[in-house]
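# Understanding the architecture of this molecule
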Amino acid sequence: MVISFLLGQLLPTESPSISERNSLKPKAKMAEPATKEKKMMIPDWTKLPKELLQIVTDKMNCFEVVHARSVSTLWRSAFPFPASLLRSSYSLPTYPVEKEGLCSLEKIPVVLVVDESGSEFFMGLVGGDDSAYYMEAPSPLQCSLRVKLEKSDPTSMNVIGSQILSLGHQCRIVCWDPKGLRTTFRNAAILPLNGEGGRGEFAVLRSYLGTLLVLKSATRKWVRLPGVPRSSCNGLVTFRGRFYASFSDNDIYVIHPYSLRADRLMPPPNMNNGSNHLIPAGDDELFLVNKSKLATVPKTFIVSRLVGLGWVEVDDLGDRVLFLRKDANVCFSANQLPDGCGVTGNSILFNARPGDETYFYKYGPPDVPKENVVAEWRSSKESRVKFIDSHEAYAFRVEF
């Protein structure tokens with residue numbers, strides 16, 4: 001087990017046994033009887049300096065940390081809860097009438113859970129009572145995940161034998177009216193401002209009634225972002241310290257959080273007149289999936305990655321899997337999934353309605369020969385995907 005291996009590297013080398021030590025003494029002397037004091041003491045690794053414990057934690061993913069915390073109360077006190085699974089909240093003024101205390105931005109973790117069988121997948125938000133998932137540990141030897149699906153009551157799932165992947169965070173603007181009614185706006189993003197003396201400051205971008213609003217924590221004022229289309233914004237992401245926004249007219253802009261300058265990106269070649277989906281792959285690459293609006297079966301779309309201020313079409317995603325959903329898109333590595341789970345890299349999955357069956361899209365020769373088309377992103381028949389839920393949580397089963 002990876003956890004045991006990492007901890008083992010930090011334990012002192014085992015000292016010689018008492019019999020071994022006695023064998024080195026002159027034979028004329030009688031061997032002294034073993035006492036409790038002379039028995040090998042098992043070191044308590046939880047007493048290691050915090051710096052060394054931090055090295056251990058840094059080499060573990062959130063899945064391993066959660067499992068380590070479930071071993072005992074001692075282990076739980078030694079390992080802090082993974083930061084990637086913590087929810088953050090920032091108090092903001094409301095808009096257009098500015099009132100404090102009635103609006104906040106929530107930065108909510110998104111996880112992918114693969115059950116013990118390796119065939120059922122659960123994807124959703126982790127956090128408070130309104131989230132799809134909620135981490136809980138009712139006893140030292142059990143770690144549970146409360147799963148809240150659309151058409152069922154919340155249930156607890158023991159995740160000791162499951163795989164947990166962190167998929168980043170999703171931002172939401174939450175507002176309350178004087179009567180306490182809650183309204184949620186999902187199209188929002190936040191970036192820290194630490195580069196120009198703004199330590200602890202941040203900038204928030206949100207979509208509001210066909211325009212973009214921006215707020216800096218230093219001024220706490222919502223203002224309309226200049227230099228962007230007045231059309232509806234259908235996607236907001238952050239990548240390498242910049243905001244990226246896609247609009248209904250197919251324009252895509254990069255917004256610099258300090259100057260708030262907006263630059264239009266060159267569109268990808270052969271772009272369809274359809275919908276755009278922005279998907280960051282960590283800080284490595286930013287992908288754009290452009291899907292045609294035509295009611296054709298199978299779907300036609302192109303995949304591009306950001307290069308400078310433009311897009312370059314790609315046909316190979318490496319080990320990555322892109323999952324496109326209605327509220328936010330995510331990317332994860334197939335190499336992190338259990339062997340034989342039916343999910344492989346260089347593939348794309350679109351969410352579907354509960355009960356619907358679909359397939360992963362892969363790049364290869366078209367199912368039906370087309371003129372001047374050697375290869376395209378097509379529906380692969382390798383693994384059939386049946387969606388169990390697609391509301392707050394996305395639950396699906398992979399059959400192959």
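Residues numbered from 1 in each chain as written. Predicted model: local features only at pLDDT ≥ 70, side-chain atom pairs only at ≥ 80, totals over all residues. Heavy atoms only, no water.

On to the sheet that holds strand E16 (residues 262–264), then. Strand order in the open sheet made by the four strands is E13-E14-E15-E16, with antiparallel pairing throughout. At either end of the open sheet lies a strand with only one pairing partner, and these are strand E13 (233–239) and E16. In this sheet, adjacent strand axes meet at a mean angle of 25° when their direction is disregarded. Pairing of strand E14 (residues 242–247) with strand E15 (residues 252–255) involves four bridges; the strand directions are antiparallel. Pairing of Phe243 across the sheet is with Ile255, part of E15. (Pairing = 2+ DSSP bridges. Helix = DSSP H or I, 4+ residues; strand = E, 2+ residues; numbered from the N terminus. Axes fitted to C-alpha atoms, helices over the stretch in contact; angles between N-to-C directions.)

Moving on: helix H3 (residues 50–58). Taken residue by residue, H3 has Leu53, Val56 and Thr57 as its buried positions. For H3, the arc enclosing every buried residue in end-on projection is 95°, short of the 170-degree limit, so these residues lie on one face. The exposed set on the far side of H3, more than 90 degrees from its buried face, consists of Glu51 and Asp58. (Buried < 20%, exposed > 50% of the residue type's maximum accessible area, 1.4 Å probe, protein only. Arc of directions from axis to C-beta.)

The next thing to look at is the sheet that holds strand E19 (residues 301–307). Strands belonging to one sheet form pairs held by backbone hydrogen bonds; the direction of such a pair is parallel or antiparallel. An order of E17-E18-E19-E20 is seen for the four strands of this open sheet, with the pairing classed as antiparallel. In this open sheet, the two edge strands, each paired with only one partner strand, are strand E17 (274–281) and strand E20 (310–313). Direction aside, the axes of adjacent strands within the sheet are offset by 30° on average. Where E17 meets strand E18 (residues 285–292), eight bridges bridge the pair, whose relative direction is antiparallel. Bridge pairing in E18 places Leu278 opposite Leu288.

Looking along the chain, the bond that leaves Tyr95 and enters Pro96 is cis, with omega of 5°. Along the chain, the position of Pro96 falls in the loop between strand E1 (88–92) and strand E2 (103–114). Phi at Arg240 is positive, roughly 50°, even though this residue is not glycine. Mapped onto the elements of the fold, Arg240 is located in the loop between E13 and E14.

Of all eight residues that make up helix H4 (residues 62–69), eight are buried, and the element is covered over most of its length. Cys62, Phe63, Glu64, Val65, Val66, His67, Ala68 and Arg69 are the residues of H4 that are buried.

In the structure shown here, the tally under the stated rule is twelve salt bridges. Taking the shortest distance from any N to any O, the salt bridge between Arg220 and Glu100 comes out at 3.0 Å. Highlighted residues: Arg220 in the loop between strand E11 (211–216) and strand E12 (223–224) and Glu100 in the loop between E1 and E2, separated in sequence by 120 residues. Accessibility expressed as a relative area gives 26% for Arg220, which makes it partly exposed. Looking at Glu100, the relative accessible area reads 48%, which means it is partly exposed. Here Arg264 ties to Asp251 by a salt bridge, and the two come within 2.9 Å at their closest N and O atoms. Taken together, the residues span a long stretch of sequence, with Arg264 in strand E16 and Asp251 in the loop between E14 and E15 at a distance of 13 residues. (Salt bridge = Lys/Arg side-chain N within 4 Å of Asp/Glu carboxyl O.)

Considering all chains together, one arrives at one cavity of 30 Å³ or more under this definition. Approximately 40 Å³ is the volume found for the largest cavity. Of all the elements in the fold, those that place two or more residues in the lining of the largest cavity are strand E24 (357–364) and strand E25 (376–390). Take the lining of the largest cavity: its biggest share by element is three residues, from E25. (1 Å grid on protein atoms, 1.4 Å probe; cavity = no way out; pocket = protein on both sides within 12 Å on 5 of 7 lines; lining within 4 Å. Points joined across faces, edges and corners; volume = space filled by probe spheres on them.)

Ranked by internal contacts, the top residues of the largest apolar core, which has 25 residues, are Phe121, Met123 and Leu337. Elements that contribute at least two residues to this core include exactly E2, strand E3 (120–125), strand E7 (163–176), strand E21 (320–324), strand E22 (330–333), E25 and strand E26 (394–399). With four residues, E2 is the largest single contributor of residues to this core. The residues contacting Phe121, other than those within four sequence positions of it, are Leu112, Val113, Val114, Leu337, Cys341, Val343, Tyr394, Ala395, Phe396 and Val398. By size, the runner-up hydrophobic cluster in this structure holds 18 residues, among which are Leu191, Ala245, Phe247 and Tyr253. (Core = buried A, V, L, I, M, F, W, Y, C linked by side-chain atoms within 4.5 Å. Contact = heavy atoms within 4.5 Å.)

Of the strand pairs in this sheet, E19 and E20 are connected by four bridges, and their pairing is antiparallel. For Leu306, the partnering residue across the bridge sits in E20 and is Trp311. Hairpin remark: E19 followed by E20, antiparallel, with two residues in the connecting loop; positive phi at Gly308, about 65°.

Turning next to the packing of aromatic side chains. In this structure the tally under the stated criterion is 13 aromatic pairs. Residues Tyr363 and Trp377 carry aromatic rings whose centres are separated by 5.5 Å and whose planes lie at 70° to one another, so their mutual orientation is edge-to-face. Placement of the pair is Tyr363 in strand E24 and Trp377 in strand E25, with a sequence separation of 14 residues. What makes Tyr363 partly exposed here is its relative accessible area of 30%. Arg206 extends its terminal NZ or CZ atom over the ring of Trp222, reaching a point 5.3 Å from the ring centre. The ring of Tyr359 carries Lys381 above its face, with NZ or CZ at 4.3 Å from the centroid. (Phe/Tyr/Trp six-rings, centres within 6.5 Å; stacked < 30°, edge-to-face > 60°. Lys NZ or Arg CZ within 6 Å of the ring centre and 35° of its normal.)

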